[in-house]
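Residue-level structure breakdown
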Amino acid sequence: MTQVTPDDLKARFGTRAVHAGHIPDPLAGAVMTPIYQTSTYIQDGLGRHKGYEYARTRNPTREVLERNVAALEGGRHGFAFASGLAALDAVLKLLSAGDHVVSGENVYGGTHRQMTHVWTRLGLTFSFVDATDPANIAAAVTPKTRMIYAETPTNPMMQLCDLAAAGETARAANALFVVDNTFATPCFQRPLELGADVVLHSTTKYLNGHSDMVGGLLVVNQDDLAERIGFLQNSAGAVPGPFDCWLALRGAKTLALRMRQHDASGRRIAEWLTKHPKVERVYYPGLPSHPQHDLACRQMKGFGGMISIELGSVERARRFAERTRIFVLAESLGGVESLIGHPASMTHASVPPEMRRAMGLTDSLVRLSVGIEDVEDLLGDLDQALTVAG
Ligand SMILES: *Cc1c(COP(=O)(O)O)cnc(C)c1O
C-alpha cells in the first residue's frame, strides 16, 4: 500500500506528473527512479529490515508509480497490477458470492467477458444498463447491490455517464462506485472528485502512452478500502514487474503534454470528419452535436483523441481501415502513434451481436485513436483512405 503525501498533491497537474511520488535515491542520488529488479531484500537481522521483505508485497519502483498516478487522480492510495483486467479482478474480489453489481452495458469487451464468464460462475450477479441515463442505474439497484461500475466515455460509442449522479445513487445504496477512467485520464476527468470510491486504469493505454507495456492501476481515497485492496493485491498477487512499472512511470511524466496534443488533434479531426461526405456519423464528446456535449463540458476538461465514425457499409469500413498508412490497424489505443480499429471484429468481438446492435455498435463502425503526429499528416491520411474506400 502506497500513500500519497500532502507534498505530492500541492503542485499543479503537469508538475505532479513529473514529480509526484518520487523518493530521493539514497545510494547515488539518481534523479530518475531506478528499476529495482529484485525479488527479495537483505535483512539486517531476524525481524529487522528496511520495510521491504519480498517484491510481490513491496517494490520501490512500483510504489513510485502507484504514488504518481494516485496523485494525478487526486487520491491517497494507488495499487499497480499486471494489466487493467487484473485490476478489475482485484476490485471485484472486494465482493462476495451473492452480491450484485450494476454496470454500464457499454463497457470494455474484456471487462464484460470477465464479469459474465468468470464472476457470474463464482456467485456475483450483474445488471447491465444503459448508463447514459442515471435513472437506469438507480432502477437496477437491489437490496443486494454492493457495487456500481461505470466507464465514461465508453468504448467505442463515446457515451457518457453522469459521474456525480451515479455517485449519489451508489452512496444512497451503500454500494462502492468504481469508475474506469482509462479513456479520459486524470488529465481530463477526476472521478474521485465527483463521488467515485475507486478509479480503475488500464495503464497500457494513455497513462503509459507508448504502446510498449501492459498494466493496470487502482486509486482510492479511503484508508479502509486501501487496506482491503492492498491485501488483495498481495494475496492474489497479480503485480506488475519493475521494468513495466518504470516504463509506465516514464510515460506518466509526459501525460499532460501528450493529452494536450491528443485533444487538439482529436477536436480538429472530429470536426473535419463531420464535414466529410463519406462519413455518416461522428461520435466524439467534444462535438456540439454529441447528445451529451453539455455533460462532457461539465465533467471533463478535455475530450482526448478517441473518435468513432459510422461509414454506412461494412465493405467501406473494411477498405478504409485497411488503406490508412499512418493510422496503424491494431487493437489498443492511447499511444503516441495513431491507430485504427474495427470494434465489431476486434475489441468487441466477444460482445454478443444483439448487445452490440442495441448499443449502436454496427459492423460499419470504425474507431480511431488519434496520436500525437502532425495533424495535417493525419488528415491527409484519412482523406486518401476515405477516397480509396469508395
Ligand atoms: C484496455 C482496457 C481495459 C483492459 O486493460 P488491459 O490492460 O488490456 O487488461 C479496461 N478498460 C478499458 C477502457 C480499456 O481500454
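Just above sits the structure.
Definitions and cut-offs
- Every chain's residues receive numbers from 1 upward, in the order its sequence appears when written.
- Predicted model: local features are reported for residues with pLDDT of at least 70 only, side-chain atom pairs are reported and counted for 80 or more only, and whole-chain, interface and lining totals are derived from all residues.
- Water and hydrogen atoms were dropped before computing side-chain values, which therefore reflect all heavy atoms in the structure.
- Any two strands between which DSSP finds at least two bridges are classified as paired.
- Every helix listed is a DSSP run of H or I at least four residues long, and every strand listed is a run of E at least two residues long, numbered separately from the N terminus.
- Contact criterion: two residues are considered in contact whenever any of their non-hydrogen atoms come within 4.5 Å of each other.
- Angular values range over 0 to 180 degrees, each being the angle between N-to-C directions of two axes fitted as lines to C-alpha atoms, with helices fitted over their stretch in contact.
- Centre distance within 6.5 Å is the pairing criterion for rings of Phe, Tyr and Trp, where only the six-membered ring of Trp is used; planes under 30 degrees apart are then read as stacked, over 60 as edge-to-face, and the remainder as tilted.
- The buried label applies to any residue whose accessible area, calculated with a 1.4 Å probe on protein chains only, is under 20% of its type's maximum; exposed applies above 50%, and partly exposed to all values in between.
- Definition used: whenever NZ (Lys) or CZ (Arg) falls within 6 Å of the ring centre and also within 35 degrees of the ring normal, the charge is taken to sit over that ring.
- Cavity and pocket criteria rest on a 1 Å grid covering protein atoms alone: a 1.4 Å probe that fits but cannot get out defines a cavity, protein on both sides within 12 Å along at least 5 of 7 lines defines an open pocket, and an atom within 4 Å of a point defines a lining residue.
- Grid points are joined across faces, edges and corners, and a volume is the space filled by probe spheres set on the points.
- Just so you know the grouping, Ala, Val, Leu, Ile, Met, Phe, Trp, Tyr, Cys and Pro go in nonpolar, Asp, Glu, Lys and Arg go in charged, and all remaining residues, Gly too, go in polar.
- For the domain bounds, the source is a domain assignment made automatically or taken from a database.

Take the sheet that holds strand E13 (residues 365–369) next. Backbone hydrogen bonds hold the strands of a sheet together, and the pairing may be parallel or antiparallel. Ordered by their spatial adjacency, 5 strands build an open sheet running E9-E10-E13-E12-E11, and the pairing between neighbours is mixed. Of all the strands in the sheet, the pair left with one neighbour each is strand E9 (281–283) and strand E11 (328–329). The pairing of strand E12 (residues 339–341) with E13 spans 3 bridges and is antiparallel. By the bridge assignment for E13, Gly341 is matched with Arg367. Where helix H11 (residues 255–274) meets the sheet, its contacts fall on E9, strand E10 (306–310) and E13, and the angle it forms with E10 comes to roughly 10°.

With that settled, the discussion passes to the packing of aromatic side chains. Scanning the model with the defined rule gives 4 aromatic pairs in all. A ring pair is formed by Tyr41 and Tyr52, whose centres lie 5.4 Å apart and whose planes are at 50°; its orientation type is tilted. Of this pair, Tyr41 sits in the loop between helix H2 (13–19) and helix H3 (60–72) while Tyr52 sits in the loop between H2 and H3, placing them 11 residues apart in sequence. The exposure class of Tyr41 is buried, given its relative accessible area of 15%. Since its relative accessible area comes to 17%, Tyr52 is described here as buried. Here the basic side chain of Arg58 rests over the ring of Tyr52, its NZ or CZ set 4.1 Å away from the ring centre.

In this section: the side chain of Thr111. One can find Thr111 in helix H5 (residues 109–119). Sequence-distant contacts of Thr111, defined by excluding residues within four places in its chain, comprise Leu85, Leu88, Tyr149 and Glu151.

A few words now on the layout of surface pockets. Its boundaries defined by the atoms lining it, the largest pocket holds a volume of some 400 Å³. The wall of the largest pocket is formed by 25 residues, among which Gly84, Tyr108, Ser202, Thr204 and Lys205 lie closest to the centre. When contributions to the lining of the largest pocket are tallied by element, the ones reaching two or more residues are helix H4 (84–92), strand E5 (145–151) and strand E7 (198–202). Ranked by residues supplied to the lining of the largest pocket, first place goes to E7 with 3 residues. Class assignment of the residues belonging to the lining of the largest pocket gives a composition of 8 nonpolar, 11 polar and 6 charged. The two domains that each donate at least three residues to the lining of the largest pocket are domain 1 (2–252) and domain 2 (255–389). Surrounding the second largest pocket, Ile23, Pro24, Asp25, Pro26, Leu27, Tyr36, Tyr41, Ile42, Lys50, Tyr52 and Pro60 form its lining. Grouping the amino acids of the lining of the second largest pocket by side-chain chemistry returns 9 nonpolar, no polar and 2 charged.

On inspection of all chains with the given rule, the structure shows 5 cavities of 30 Å³ or more. Considering only enclosed or pocket space, the largest cavity measures out at about 70 Å³ in volume. Across the lining of the largest cavity, the residue classes tally to 6 nonpolar, 5 polar and 3 charged.

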